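Here's the letter readout for the chains.
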4 protein chains.
Amino acid sequence: MSNTFGNLFRLTSFGESHGPGVGGVVDGMPAGIEVDTDFIQAELNRRRPGQSRLTTPRKEDDRVEILSGVFEGRTTGCPIGFLVRNANQHSNDYDNIRDLYRPSHADFTYTRKYGLRDHRGGGRSSARETIARCVGGALAKLALRQLGIQITAYTSQVGSIALPHDYRHYDLTLTESNDVRCPDTEKAVEMAALISEVKAAGDTIGGVITCVVQGCPVGLGEPAFGKLHAALGGAMLSINAVKGFEYGLGFAGACQRGSEQNDEFYNDNGRISTRTNRSGGIQGGISNGQDIYFRVAFKPVATLLMEQKTVTTDGTETRLTARGRHDACVLPRAVPVVEAMAAMTVLDYYLLNRTTLL
Amino acid sequence: MSNTFGNLFRLTSFGESHGPGVGGVVDGMPAGIEVDTDFIQAELNRRRPGQSRLTTPRKEDDRVEILSGVFEGRTTGCPIGFLVRNANQHSNDYDNIRDLYRPSHADFTYTRKYGLRDHRGGGRSSARETIARCVGGALAKLALRQLGIQITAYTSQVGSIALPHDYRHYDLTLTESNDVRCPDTEKAVEMAALISEVKAAGDTIGGVITCVVQGCPVGLGEPAFGKLHAALGGAMLSINAVKGFEYGLGFAGACQRGSEQNDEFYNDNGRISTRTNRSGGIQGGISNGQDIYFRVAFKPVATLLMEQKTVTTDGTETRLTARGRHDACVLPRAVPVVEAMAAMTVLDYYLLNRTTLL
Amino acid sequence: MSNTFGNLFRLTSFGESHGPGVGGVVDGMPAGIEVDTDFIQAELNRRRPGQSRLTTPRKEDDRVEILSGVFEGRTTGCPIGFLVRNANQHSNDYDNIRDLYRPSHADFTYTRKYGLRDHRGGGRSSARETIARCVGGALAKLALRQLGIQITAYTSQVGSIALPHDYRHYDLTLTESNDVRCPDTEKAVEMAALISEVKAAGDTIGGVITCVVQGCPVGLGEPAFGKLHAALGGAMLSINAVKGFEYGLGFAGACQRGSEQNDEFYNDNGRISTRTNRSGGIQGGISNGQDIYFRVAFKPVATLLMEQKTVTTDGTETRLTARGRHDACVLPRAVPVVEAMAAMTVLDYYLLNRTTLL
Amino acid sequence: MSNTFGNLFRLTSFGESHGPGVGGVVDGMPAGIEVDTDFIQAELNRRRPGQSRLTTPRKEDDRVEILSGVFEGRTTGCPIGFLVRNANQHSNDYDNIRDLYRPSHADFTYTRKYGLRDHRGGGRSSARETIARCVGGALAKLALRQLGIQITAYTSQVGSIALPHDYRHYDLTLTESNDVRCPDTEKAVEMAALISEVKAAGDTIGGVITCVVQGCPVGLGEPAFGKLHAALGGAMLSINAVKGFEYGLGFAGACQRGSEQNDEFYNDNGRISTRTNRSGGIQGGISNGQDIYFRVAFKPVATLLMEQKTVTTDGTETRLTARGRHDACVLPRAVPVVEAMAAMTVLDYYLLNRTTLL
């Protein structure tokens, strides 16, 4: 069941890094939505390898083919199958890891759990799996667009270089203006320089992505175990390399007093609203009509182009220097993945909320 | 579907703060497990109100009655229904909030989503709902005990008072030795003083709980959307007042380089292991046999015994000073809830992993 | 997961025949529905033992207590917990079956599957479990009532005594006028006589229940695996003692040609309709606005008050004559259970259909 | 959610009759199973159109491509994506039904539910969707083969020509020896003649398929709502054109007395068994180690090559004579589909049963 995401809007994904391709099935997409295939491809292009100096030079066209569920340009309510063929595989780059475990990769755990693994490019544990998430997310965004809900993510931290302000301070349309996907164009230059430096050293670096959901109506979220932020958190933590999730004031808010953190209600010209939004747009697990914002922590990429100690599958100690084409920092390409998971979650909970009242 | 948690080991919960009681149904509990009812009650007692000076003076016996699924002291494989009756309700304490929205509570969102709400004690959004989690968690612990898996949580931060070391530095058996549930007995005194000070001011304070899973075998976790840490994160974020989750090095690790964070493998007398455990016991979403550890951020309790601005349900601006019996800091009583959610998650994934190979 | 029924409207049930009680949790009940507790109790009374000469003399009040999810007479959208305490247990009646397997009961399979069983009154495999279904069904009916959807079942066959006509021929309000729950009052007398005769012989008898759903709008049902009749069939087959399900012309229609069975469309004063309804109100798995009707086959009750051969749990061949209080024919009391399962299914699919279009 | 089948072994399917293709994703396939691709293709060939005089002349190669989840000939535990491209489409054959509703087809209900439909070849409601079921079923059979569980279906009735005996009387290996897939080779000739006669008349005919599961261990099935026969029934009723399901003695058994129908236990050389198997291999919803057998009723195909009355989408009454290539009797090609659904169900419940005991 682990390859299906969602309750009513559901993505089932499949595919390995060096197999025939990566794809999926979106079930529960509302009928009658116009399918803008250029938009879907554009979303995929945002996560595509080789898109800038900062990312892996693996060149993949990553062309998505829609296999079902769309008729004369509109969704039919039937499942939407899709496939992205793998093309630019250099499987031989991985011959040297066939019989050893790369540090902080899934090689060891997959082998022990399943009794075997497809070692080429990390197989199923490769971040190439997120292709399916981006397609699912693009479809969800097409539906959310009709509802006036926007989802925007950006790189807010690389290593120790962090944006000093929260999302309200920035013009988020600048996010796509640079390779780092950071709306603070000055910090973006610093971040890019750090990534280049780390890359030159054969090393990698982590960071944080911030995401904002705007235009979300009141009422999305299902207490007790289906709180909206629990769903968002579970979604984000399922993305490769994610180590943490916080919304609203998050960990920083744990230091505060209630009198500092509560959001008081007021009457905003006939509409009940809050003057502050420390809650992050969710109260009691249900969206309250304010912006929803959250932060997602990514660890540094585990593949290093420098020597590391490790063991072979039979336990012999050895040393490994990775070959192949790898990202030194996953953040820029993970921005659309974060958006995709948020979009699917919000649409799913929008649909769930449709069943609250008769 | 939001009131059911889990895939194979499932808790379905019900109940409001001021209704007849809180209870639930555990489905998927393995058959043949000895049911130690004293242990279950003891776990409930750890979250019971009124257990110390630091918690709400609401006095509830919180006696759990097992209604099914146990025969001659052992689980039968049939669903385990249970009920904890509410007793010490002071529903009148809430008359003044019937027609207004408490800041940073779920009053507004519930009313808008459902068209009505049970305002007494927060109704379903009350943390009294976590009673069902503790019972479910206690049952899960009874099964995990047979498997040699231990789950231990403790208060690691209250306000800005944070433990300086990680869990390996402490004797976790000291956690229950003080009212704060902190294994650092000196810091516990400071934390208790801070809670008392905040409480005297009618204010509240947040904090962080750390949890460790020990003895977990290799192989638990289901990629891609069912990564073990994604399930743990979703579980923790579903607990009232939780705002963040991180495992391994979490947000701090986002600042690091891969060469600082990777866990190298070595041969530990014939057993493949890692010298460090920065990954937090999970790689590629699957447990690797090392300790699993994570941190959970709690916001300060929203109910303040000081005046706040707010609005009535018809939008009139007004002021509110809470009455009733409330915690100034939820952390000490949330420790068993964190453990309970972790226990249910780990057992659920243990059972899922049983179906990986024929 | 087996003790939860439904997708959006979900019943989770628990309880054994001779434990403290039987109950459940209804999750996903729409908010704002008026809860007529007298109606719920009346539905339970229709399945209650001891209600007529024809049923088991076990006397149970079967009073249902609602534990949550209802506030000031209306549903709140929160889970509805409920409990029916067991009272009139004669557990000693079952001492003689503790160590043997009753023919065609679940004793053998439960023992082998779970390693142990609660032998008293059949434990969880007792039809007393259907109490929870009746409560869940009564709640579903309260919602369906607002939607103008009626569900009516009746006994259409006992042994070889079968009604000669289909449901359109009968005044279904007569169903509750006799103990057999058959709208053909003459046949009802014959059926009652047969049941009495069989009972006097210590034997039991099977039969068929017919059910009709009227007022169902077009559009309920989710192809491919969620066809409405597949859901109804799965629901009915989960009722104790059910051996078959057919809808529309069912097995009889398998003998026919397409030209005999197709339902031609016509224009009924501006509304598209069909002149015939051989399809049974469902086409392609989706309701078409016509009446939905189906038939459910029940085997004879397995408990006989006559001697049977069997074996003990250690394999020794022996003989058994049941003691205790048992139904000779389960049909009259199963009528409300069939209705309950149909009501929950139809409401669940009504809610699912709410998410088809934005 | 309706396009996913199963709990732990799960098939998600997609595809329309005249789109790019039909495919799916199998999730939860145990790791390490040898994948015999010739066998999978052979199973598909059993349902392929154009395989004999009796079936539709639509010629489709129906070549399946495995896209993931298999490495060096064995399953990896990762999801198995697969695709069968459509080839021999004559979409123009359907131009005449674009704006009208075919009697007893899903045209009307799909249009009303979704607001639009892909009219070409029935779109998603086409039985071409069962391709995905056959692939999923073939994979399940590969796993069941290791467990010694066999699943065999055959045509037991066409129109009024029914086999006089139950499955034990026949050599089921003869099933594939004739185009009807009937192990009674004499009756098969009669059935083939009837199908040819009906086909010549532009008409269609229904029938019954019987299925037997052999070698199933004791313990599969999850009471209360997850009874094994309820799962099998729901699975069968989800197949296009199915109108009824019965297991064991089914509807015929409803006429009987308990003393005629109970299966007495005896000691079969140290193994507890039953002398008769009227129960159909399941007691209390759990397999008892005997053969599981059931019958599935199919209505006649709705597409007739003769004139029928109907209406256009705007309600104008009209007449329709189908064009194109259609089966006069779906039974021969449905035999592998029944087996596939049974195989997936049994494997799913086998895996569920692995989690009953620690």
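Below or above, wherever it landed, is the structure these notes cover.

### A word on the interface of chain C and chain B
- The interface of chain C with chain B comprises 43 residues on the first partner and 43 residues on the second.
- When chain C packs against chain B, the two sides together hide about 3400 Å² of surface, and 60% of this comes from carbon and sulfur.
- Scanning the region where chain C abuts chain B turns up four salt bridges.
- Two residues, Glu-72 of chain C and Arg-98 of chain B, come together in a salt bridge whose shortest N-O distance is 2.8 Å.
- The interface formed by chain C and chain B holds 10 residue pairs in polar contact (both at pLDDT 80 or more) in total.
- Elements with a contribution of two residues or more to the side of chain C that touches chain B: strand E2 (10-15), strand E3 (21-27), strand E4 (64-66), strand E6 (74-75), strand E7 (80-85) and helix H2 (107-114) of chain C.

### Quick notes on the side chain of Arg-117 of chain C
- Looking at where Arg-117 of chain C falls in the secondary structure, it is placed in the loop between H2 and helix H3 (130-147).
- In contact with Arg-117 of chain C, not counting residues within four places along its chain, are Phe-71 of chain B together with Ile-97, Arg-98, Leu-100, Tyr-101, Asp-107, Tyr-110, Thr-111 and Thr-313 of chain C.

### Looking at the pattern of salt bridges
- Applying the stated rule across the entire model yields 84 salt bridges over all chains.
- A salt bridge links Arg-85 of chain D to Glu-65 of chain A, with the shortest nitrogen-to-oxygen separation between them at 2.9 Å. With Arg-85 of chain D in strand E7 (residues 80-85) and Glu-65 of chain A in strand E4 (residues 64-66), this residue pair bridges two chains.
- Owing to a relative accessible area of 36%, Arg-85 of chain D belongs among the partly exposed residues under this scheme.
- The residue Arg-117 of chain A makes a salt bridge to Asp-107 of chain A at a minimum N-O spacing of 3.7 Å. One end of the pair, Arg-117 of chain A, is in the loop between helix H2 (107-114) and helix H3 (130-147); the other, Asp-107 of chain A, is in helix H2, with 10 residues separating them in the sequence. For the residue pair Arg-117 of chain A and Asp-107 of chain A, the accessibility class agrees, reading buried in each case.

### Here's the deal with the nonpolar core
- Core analysis: the biggest nonpolar cluster contains 357 residues, and Phe-294 of chain A, Phe-294 of chain B, Phe-294 of chain C together with Phe-294 of chain D have the highest contact counts within it.
- Each residue touching Phe-294 of chain C, except ones within four places of it in the same chain, is listed here: Ile-209, Thr-210, Cys-211, Val-213, Leu-232, Met-236, Phe-245, Glu-246, Tyr-247, Val-338 and Ala-342 of chain C.

### Here's the deal with the sheet that holds strand E10 (residues 207-214) of chain C
- Pairing in this open sheet of 10 strands is antiparallel, and the strands run E9(C)-E8(C)-E10(C)-E16(C)-E11(C)-E11(D)-E16(D)-E10(D)-E8(D)-E9(D) from one edge to the other. Single-partner strands in this sheet number two, and they are strand E9 (161-162) of chain C together with strand E9 (161-162) of chain D.
- As judged from the five bridges shared by strand E11 (residues 242-247) of chain C and strand E16 (residues 292-298) of chain C, these two strands associate in the antiparallel manner. Paired with Phe-245 of chain C across the bridge in E16 of chain C is Val-296 of chain C.
- The strands touched by helix H8 (residues 331-353) of chain C within the sheet are strand E8 (150-158), E10 and E16 of chain C, with E8 of chain C carrying the most contacts at an inclination of about 145°.
- Of the strands in this sheet, strand E8 (150-158), strand E10 (207-214) and strand E16 (292-298) of chain D are in contact with helix H8 (residues 331-353) of chain D, which crosses E8 of chain D at around 145°.

### Here we look at the relation of the copies chain B and chain A
- The transformation that overlays chain B on chain A combines an axial shift of 0.0 Å with a rotation of 180°, and the residual RMSD is 0.0 Å. Between the two chains, the operation in question is that of a two-fold axis. Proximity to the rotation axis, assessed at the C-alpha, singles out Gly-234 of chain B in chain B; its C-alpha lies 2.2 Å from the axis.
- An overlap of 100% is found between the interface residues of chain B and their copies at the interface of chain A, pointing to a shared contact surface.

### Considerations on the sheet that holds E7 of chain D
- Spatial strand order, E1-E2-E3-E7-E4 (chain D): five strands in an open sheet with antiparallel pairing. Each having just a single partner strand, strand E1 (4-5) and strand E4 (64-66) of chain D make up the two edges of the open sheet.

### Brief notes about the packing of helix H1 (residues 37-47) of chain D against H8 of chain D
All names here are of chain D.
- Between H1 and H8, the shortest axis-to-axis distance is 7 Å and the interhelical angle comes to 135°. It follows that H1 is oblique to H8 by the angle criterion. Contacts between H1 and H8 pair Glu-43, Arg-46 and Arg-47 from the former with Arg-333, Val-335, Pro-336, Val-337 and Glu-339 from the latter.
- Split by residue class, the contact of H1 with H8 holds three nonpolar, no polar and five charged.

### Section: the packing of aromatic side chains
- Within this structure, the stated rule accounts for 30 aromatic pairs over all chains.
- Between the aromatic rings of Tyr-167 of chain B and Tyr-293 of chain B, the centroid separation amounts to 5.4 Å while the plane-to-plane angle is 40°, which identifies the pairing as tilted. With a gap of 126 residues between them, Tyr-167 of chain B in the loop between strand E9 (161-162) and helix H4 (185-200) and Tyr-293 of chain B in strand E16 (residues 292-298) connect regions that are remote in the sequence. With respect to class, Tyr-167 of chain B is no different from Tyr-293 of chain B; both count as buried.
- Just above the ring of Tyr-293 of chain A sits the side chain of Arg-168 of chain A; from NZ or CZ to the centre is 5.5 Å.
- Positioned over the ring face of Phe-39 of chain D is Arg-145 of chain D, at 4.8 Å from the centre of the ring.

### Notes on the relation of the copies chain C and chain B
- Superposing chain C onto chain B requires a rotation of 180° together with a translation of 0.0 Å along the rotation axis, leaving an RMSD of 0.0 Å.
- Interface overlap between copies is the fraction of interface residues in one copy that are interface residues in the other; for chain C against chain B it reaches 100%, indicating a shared surface.

### Here's the deal with the pairing of E7 of chain C
All names here are of chain C.
- The buried count for E7 comes to five of six residues, which makes it a mostly enclosed element.
- In terms of strand pairing, E3 meets E7 through six bridges, oriented antiparallel. From the neighbouring strand, Val-26 faces E7, where its bridge partner is Ile-80.
- As paired strands, E4 and E7 are joined by three bridges and run antiparallel to one another. Bridging from a neighbouring strand, Val-64 pairs with Val-84 of E7.

Rules and cut-offs
Residues numbered from 1 in each chain as written. Chains lettered and ligands numbered in written order. Predicted model: local features only at pLDDT ≥ 70, side-chain atom pairs only at ≥ 80, totals over all residues. Heavy atoms only, no water. Contact = heavy atoms within 4.5 Å. Buried area = accessible area lost by both parts, 1.4 Å probe. Salt bridge = Lys/Arg side-chain N within 4 Å of Asp/Glu carboxyl O. Polar contact = N/O pair within 3.5 Å; in protein donor to acceptor, adjacent residues only side chain to side chain. Helix = DSSP H or I, 4+ residues; strand = E, 2+ residues; numbered from the N terminus. Buried < 20%, exposed > 50% of the residue type's maximum accessible area, 1.4 Å probe, protein only. Core = buried A, V, L, I, M, F, W, Y, C linked by side-chain atoms within 4.5 Å. Pairing = 2+ DSSP bridges. Axes fitted to C-alpha atoms, helices over the stretch in contact; angles between N-to-C directions. Least-squares fit on C-alpha atoms with pLDDT ≥ 70 in both. Parallel < 35°, antiparallel > 145°, perpendicular 65-115°, else oblique. Nonpolar A, V, L, I, M, F, W, Y, C, P; charged D, E, K, R; others polar. Phe/Tyr/Trp six-rings, centres within 6.5 Å; stacked < 30°, edge-to-face > 60°. Lys NZ or Arg CZ within 6 Å of the ring centre and 35° of its normal.

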